[in-house]
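# Breakdown of the fold
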Amino acid sequence: MSYQSMEEVYERCEKDGISFWKAIQLGDASERGVTEEDSWERMKGMWQAMQDSLDAYDPELMSRSRLVGKEGGQMDHYLEQNAPLCGTYMAKVMANALKMGCNNACMKRIVAAPTAGACGVLPAVLVTYYREYNVPEEKMIEAMYVAAGVGQVIANRAFLAGASGGCQAEIGSGSGMAAAAITHVRGGSKEQLGHACAMALKNLMGLVCDPVGGLVEVPCVKRNVGGAVNAMAAADMALAGIESQIPVDEVMDAMREVGVKMDVSLRETGLGGVAGTQRAKEVVEALDM
């Protein structure tokens, strides 16, 4: 998937009369020297692995640090006992984002989307929708291609690693990917999925990567919730006809600029941001790290 810009994907769609997801699939098949069917089966496998990972969540299992693990179960319990402020559906999205983030911290199998630290955003948006609305699986696999294509363009124009560009590169990218993917599921045009991605990225631009103790747990797990909710909001805006006044490719370029200017203490070193607070230092000391 060697596309260098969203505009390049749009141009291929127009030239060949194909949809966005198909352009990504064809690029994948060409790059890896496989058939379209082989590409589809591989993506289907990742989609299934994402669902299996969510189902494997255990609310009794804690990470080795004991910092996270039960949050997904707590959100489920809250949903059962209360009327969530964000509504039942959004509460389920939040719960699933937490579960996947906890799974990662507890060393369970996850799908990096685009990274392990941001593994909860895409499944929280896509799997929740799939199970709530009984969407054909084929449409969800198409959405996975959309997400993958968007992620590849972000990787080519900016970065996906928190160590390179802060958490805007991880949760931010995951949110942009999820926004574009769910916009496709809801019947949005290729331009609309681009607007959704742009708005999601702008909302999280400048987000620092500040893991306490260098562990992908605090504040990472809960940030997956922010990324998922942000993706849903951006998709709804795009589907409503609201456009990003800054083209999505230029937003990605701006994201790179911000990441380059970000101080090293805010790029996954565990030194700045919340990782540098007094409480964080006490936690690290207690963990004997």
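In the block above lies the structure referred to throughout.
Quick summary incoming for the structure in this document. (Residues numbered from 1 in each chain as written. Predicted model: local features only at pLDDT ≥ 70, side-chain atom pairs only at ≥ 80, totals over all residues. Heavy atoms only, no water.)

## Description of the packing of helix H6 (residues 121-133) against helix H9 (residues 171-185)
The geometry of H6 relative to H9 is characterised by a closest axis approach of 8 Å and an angle of 20° between their N-to-C directions. For the element pair H6 / H9, the angle class is roughly parallel. Where H6 crosses over H9, the handedness of that crossing is right-handed. Every residue of H9 that contacts H6 at Val121, Leu122, Val125, Leu126 and Tyr129 is listed here: Ile171, Gly174, Ser175, Met177, Ala178, Ala181, Ile182 and Val185. Broken down by class, the residue content of the contact of H6 with H9 amounts to 11 nonpolar, two polar and no charged. (Axes fitted to C-alpha atoms, helices over the stretch in contact; angles between N-to-C directions. Helix = DSSP H or I, 4+ residues; strand = E, 2+ residues; numbered from the N terminus. Parallel < 35°, antiparallel > 145°, perpendicular 65-115°, else oblique. Left-handed = near helix turned anticlockwise from the far one by under 90°. Contact = heavy atoms within 4.5 Å. Nonpolar A, V, L, I, M, F, W, Y, C, P; charged D, E, K, R; others polar.)

## Quick notes on the nonpolar core
Membership of the largest hydrophobic core comes to 86 residues, with the highest contact counts inside it found for Met6, Phe20, Leu122 and Leu126. Leave out the neighbours within four places in its chain, and Leu122 touches Met50, Ala113, Val127, Met144, Ala147, Met177, Ala178 and Ala181. (Core = buried A, V, L, I, M, F, W, Y, C linked by side-chain atoms within 4.5 Å. Buried < 20%, exposed > 50% of the residue type's maximum accessible area, 1.4 Å probe, protein only.)

## Regarding unusual backbone geometry
The residue after Ala113, namely Pro114, is reached through a cis peptide bond having omega 5°. Mapped onto the secondary structure, Pro114 falls in the loop between helix H5 (88-105) and H6. Cis rather than trans, the peptide bond between Val218 and Pro219 has omega equal to 5°. Phi is positive for Arg66, close to 70°, though the residue is something other than glycine. Secondary-structure assignment places Arg66 in the loop between helix H3 (36-55) and helix H4 (71-81). Overall, Arg66 belongs to the exposed group, its relative accessible area being 57%. With a phi close to 65°, Glu268 is a non-glycine residue in the positive phi region. Tracing the chain through its elements places Glu268 in the loop between helix H12 (248-261) and helix H13 (278-287). We classify Glu268 as partly exposed; its relative accessible area is 33%.

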